[in-house]
Amino acid sequence: MSSETQAALVTGASRGIGRGIALELAGSGIDVVVNYARNADAANDVVREVEKAGARGRAVQADVSVAEDRARLVDEAYAAFGRLDLLVNNAGVGPSERADLLQASEESFDRVLGINLKGPYFLTQLVAKRMIEQVDSGVVERPKIVVVSSISAYAASTNRGEYCVAKSGLAMMVKLYADRLAEHGINVYEIRPGIIATDMTGAVKEKYDKLILEDGITPIRRWGQPEDIGKAVVAVATDLLPFSTAQVIDVDGGFHLQTL
Ligand SMILES: NC(=O)c1ccc[n+]([C@@H]2O[C@H](COP(=O)([O-])OP(=O)(O)OC[C@H]3O[C@@H](n4cnc5c(N)ncnc54)[C@H](O)[C@@H]3O)[C@@H](O)[C@H]2O)c1
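Residue positions are given per chain, counting from 1 as you read along its sequence in written order. Only residues with pLDDT of at least 70 get local features here, since the model is predicted, and only at 80 or more are side-chain atom pairs given and counted; chain-wide, interface and lining totals rely on the full set of residues. Remark: hydrogens and water are excluded; side-chain values derive from all non-hydrogen atoms of the structure.

Per an unreviewed UniProt entry, the protein chain goes by the name 3-ketoacyl-ACP reductase and belongs to Phytoactinopolyspora halotolerans. UniProt positions are given in the numbering used here, feature names are shortened, and annotations may be inferred rather than shown by experiment. The record held by UniProt for the protein chain lists under Sequence similarities (unreviewed entry) the comment "Belongs to the short-chain dehydrogenases/reductases (SDR) family."

Looking at this structure, I do not really get the site of the ligand. What am I missing?
We call a residue near a molecule or strand when any one of its heavy atoms sits within 4 Å of it. Residues in contact with the ligand amount to 28 residues; listed here are only the nearest, Arg15, Ile17, Asn90, Tyr163 and Thr198. Take Ser14: an N or O atom from its side chain is 3.2 Å from an oxygen atom of the ligand. Val64 is positioned such that a nitrogen or oxygen atom in its backbone is 3.0 Å from a nitrogen atom of the ligand. Here the open area of atoms and residues is found with the Shrake-Rupley method and a 1.4 Å probe, where only the protein chains shown may cover a residue. For the ligand, whose accessible area on its own is 820 Å², the fraction buried by protein is 94%. Secondary structure elements follow DSSP: runs of H or I no shorter than four residues count as helices, runs of E no shorter than two count as strands, and numbering proceeds from the N terminus. With three residues, helix H6 (residues 199–202) is the single largest residue contributor to the shell around the ligand. The residue classification treats Ala, Val, Leu, Ile, Met, Phe, Trp, Tyr, Cys and Pro as nonpolar and Asp, Glu, Lys and Arg as charged. All others, Gly included, are polar. When grouped by side-chain class, the residues that make up the shell around the ligand number 13 nonpolar, eleven polar and four charged. Polar contact is the term for a pair of N or O atoms within 3.5 Å; when the atoms are in protein, one must be able to donate a hydrogen and the other to accept it, and sequence-neighboring residues count only if both atoms are side-chain atoms.

For this particular structure, what's the right way to read the packing of helix H1 (residues 16–27) against helix H8 (residues 226–237)?
When two helices pack together, their arrangement is given by the angle between the helix axes and by the axis-to-axis distance. With axes taken as lines fitted to C-alpha atoms, and helix axes fitted only over the stretch in contact, angles between N-to-C directions fall between 0 and 180 degrees. Between H1 and H8, whose axes approach to 7 Å, the crossing angle comes to 45°. Here H1 lies oblique to H8, going by the angle between them. Our pair here, H1 against H8, has a crossing hand that is right-handed. Contact with H1, carried on its side by Gly16, Ile17, Gly20, Ile21, Glu24 and Leu25, involves Pro226, Glu227, Ile229, Gly230, Lys231, Val233, Val234 and Ala237 of H8 and no other residues of that element. Of the residues belonging to the contact of H1 with H8, the class tally is eight nonpolar, three polar and three charged. Roughly parallel here means an angle under 35 degrees, roughly antiparallel means over 145, roughly perpendicular means 65 to 115, and every remaining angle is called oblique. Crossing handedness follows the turn of the near helix against the far one: under a right angle anticlockwise gives a left-handed crossing, and clockwise gives a right-handed one. Any pair of residues with heavy atoms lying within 4.5 Å of one another is described as a contacting pair.

Explain the pattern of salt bridges here, please?
A side chain with one charge can pair with a side chain of the opposite charge if their charged atoms come near. For this document, the term salt bridge refers to a Lys or Arg side-chain nitrogen within 4 Å of an Asp or Glu carboxyl oxygen. For the structure shown, the criterion picks out 16 salt bridges. Between Arg48 and Asp45 there is a salt bridge, with the nearest N and O atoms lying 2.6 Å from each other. Of this pair, Arg48 and Asp45 are both found in helix H2 (residues 40–52), three residues apart, which corresponds to roughly one turn of the helix. Residue Asp45 is classed as partly exposed on the basis of its relative accessible area of 39%. One salt bridge in this structure joins Asp69 and Arg72, with 3.7 Å as the shortest N-O distance. Remark: Arg72 and Asp69 occur in helix H3 (residues 67–81); sequence separation between them is three residues, near one turn of the helix. Partly exposed residues are those whose accessible area sits between 20% and 50% of the maximum for their type, while under 20% is buried and over 50% is exposed, using a 1.4 Å probe and protein chains only. For Asp69, a relative accessible area of 16% translates into the label buried. Residues joined in a network through salt bridges with shared partners are Asp69, Arg72 and Glu76.

Sorry, what's going on with the pairing of strand S3 (residues 57–61) here?
Consecutive side chains of a regular strand alternate in pointing toward one face of the sheet and then the other. Sheet analysis places strand S2 (residues 31–36) next to S3, joined by five bridges and oriented parallel. When the bridges of S3 are listed, Val33 appears paired with Arg58. Here, a strand pair is defined by DSSP locating no fewer than two bridges between the strands.

Honestly, the nonpolar core in this entry has me stumped. Any pointers?
Across soluble globular proteins, nonpolar side chains have a tendency to be buried as a group. Remark: nonpolar core denotes a set of buried residues (Ala, Val, Leu, Ile, Met, Phe, Trp, Tyr, Cys) joined through side-chain atoms within 4.5 Å. Counting 36 residues, the largest nonpolar core has Val127, Ile145 and Leu181 as the members making the most contacts within it. Contributions of two or more residues to this core are made by strand S1 (7–10), H3, helix H4 (106–136), strand S5 (144–148) and helix H5 (161–181). With nine residues, the single largest contributor to this core is H4. With residues near it in sequence (within four places) discarded, Val127 still touches Val74, Tyr78, Leu84 and Leu87. Ranked by size, the runner-up nonpolar core spans 32 residues in total, among them Ala8, Ala22, Ala43 and Val88.

Explain a nonpolar patch on the surface to me, please; I cannot follow it from the model alone.
Patch criteria: residues need more than 30% relative accessible area and no salt bridge. Like-charged residues are merged within 9 Å; nonpolar side chains of Val, Leu, Ile, Met, Phe, Trp and Tyr are merged within 5 Å. A grouping of Tyr121, Phe122, Met172 and Leu176 is seen on the molecular surface, where their side chains present a nonpolar patch of about 340 Å² in accessible area. Taken together, the elements giving at least two residues each to the nonpolar patch come down to H4 and H5. Within the secondary structure, Tyr121 sits in helix H4. The class of Tyr121 is partly exposed, set by a relative accessible area of 31%.

When you look at the packing of H4 against H5 in this model, what are you seeing that I'm missing?
Close contact between H4 and H5 brings their axes to 9 Å; oriented N to C, the two are set at 15°. With respect to H5, the axis of H4 lies roughly parallel. Seen along the crossing, H4 lies across H5 with a hand that is right-handed. Across the interface between the two elements, Ser108, Phe109, Val112, Leu113, Asn116, Leu117, Pro120, Tyr121, Thr124, Gln125, Ala128 and Ile132 of H4 pack against Glu162, Tyr163, Val165, Ala166, Lys167, Gly169, Leu170, Met173, Tyr177 and Leu181 of H5.

Here's what the structure looks like:
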C-alpha cells in the first residue's frame, strides 16, 4: 500500500527522544513506524498519540542490534505504509553501569557498540537500498536519513568510554552514507542532542540540574526536551535543508560553544 503521505521509521520510539520525534513528525502529517525493543504497551501508547495528531502509526518490535530483527523491521515498516521517506536512527543505550575507563568491561563495550553503532550502521544499509529502489521507481522523492548521535561524539567522558566511542563512530557513519547516497538524492544528517530530559538522564538528574541551572554549562540554561530534537527532525523531513548533507545539527542549548 502506497500513498501520497510521507512515512518515517523511528527506532527506539516508545519513549524519550524517539517518542518526541514520532509525535513531532505526526504533528506535521507524517506517518510513523514506532520501533520498540521491549515495551509494547508504551509503543502502542505512542501509536495512539500519533493517530490523535492526525497521522497513521504502527508499532514494530525489533532489537536493532540483531540482524534478523533489523531485516524484519524493514520489511514490516515498508509493509505498513508502502514507503519510507525518512529513517531516524534514534535507539541507543548508555552503559548498564558507568565504569572508569581502566575498569570497564569488554561485555559492556560489545553491548553498547552493538546497539548504538552496529545496529544503525546496518539498519541504514538495509533501508538505503530500499530507498534507492523507491527513488528509482518514483514512489518517493528525496528520502532522508537522520542519525541521533550525542555531544559524546566529541566530549570525552572517562566513565562511559564505550558510549563516546560509539557516538563518534556514528559521526563518521553519517559522512560515509552522505557521500555514498548523494548521487541518489538521499541526504544524511547527524543530530547531536545535548542534555535532554529522558529516562536515560533520570539517574543523573541532580548532577545535571546543578551543571545546567547553577554552573551554566549550556549558554541556554535549561534542560533540552524530546520535542527540541523532534523539531530538528521535522526540519529535515520537510526538506528545509535541501543543500546540506553530512550536516551536524547541534541541539544542545549551545553546549558545543567553546568560550573564554
Ligand atoms: N537523553 C540525553 O540527554 C541524550 C543526549 C544525547 C544523545 N542521546 C541519544 O538519544 C537517543 C535516545 O535517548 P533517550 O534519552 O530518549 O533514551 P531512553 O533510554 O529514554 O530511550 C531509548 C530508547 O531506545 C530503545 N532501545 C534501546 N535499546 C534498543 C534496541 N536494542 N533496539 C531497539 N530499541 C532500543 C529503548 O527501548 C528506548 O525506547 C539515544 O541514542 C541516546 O544515546 C540522548
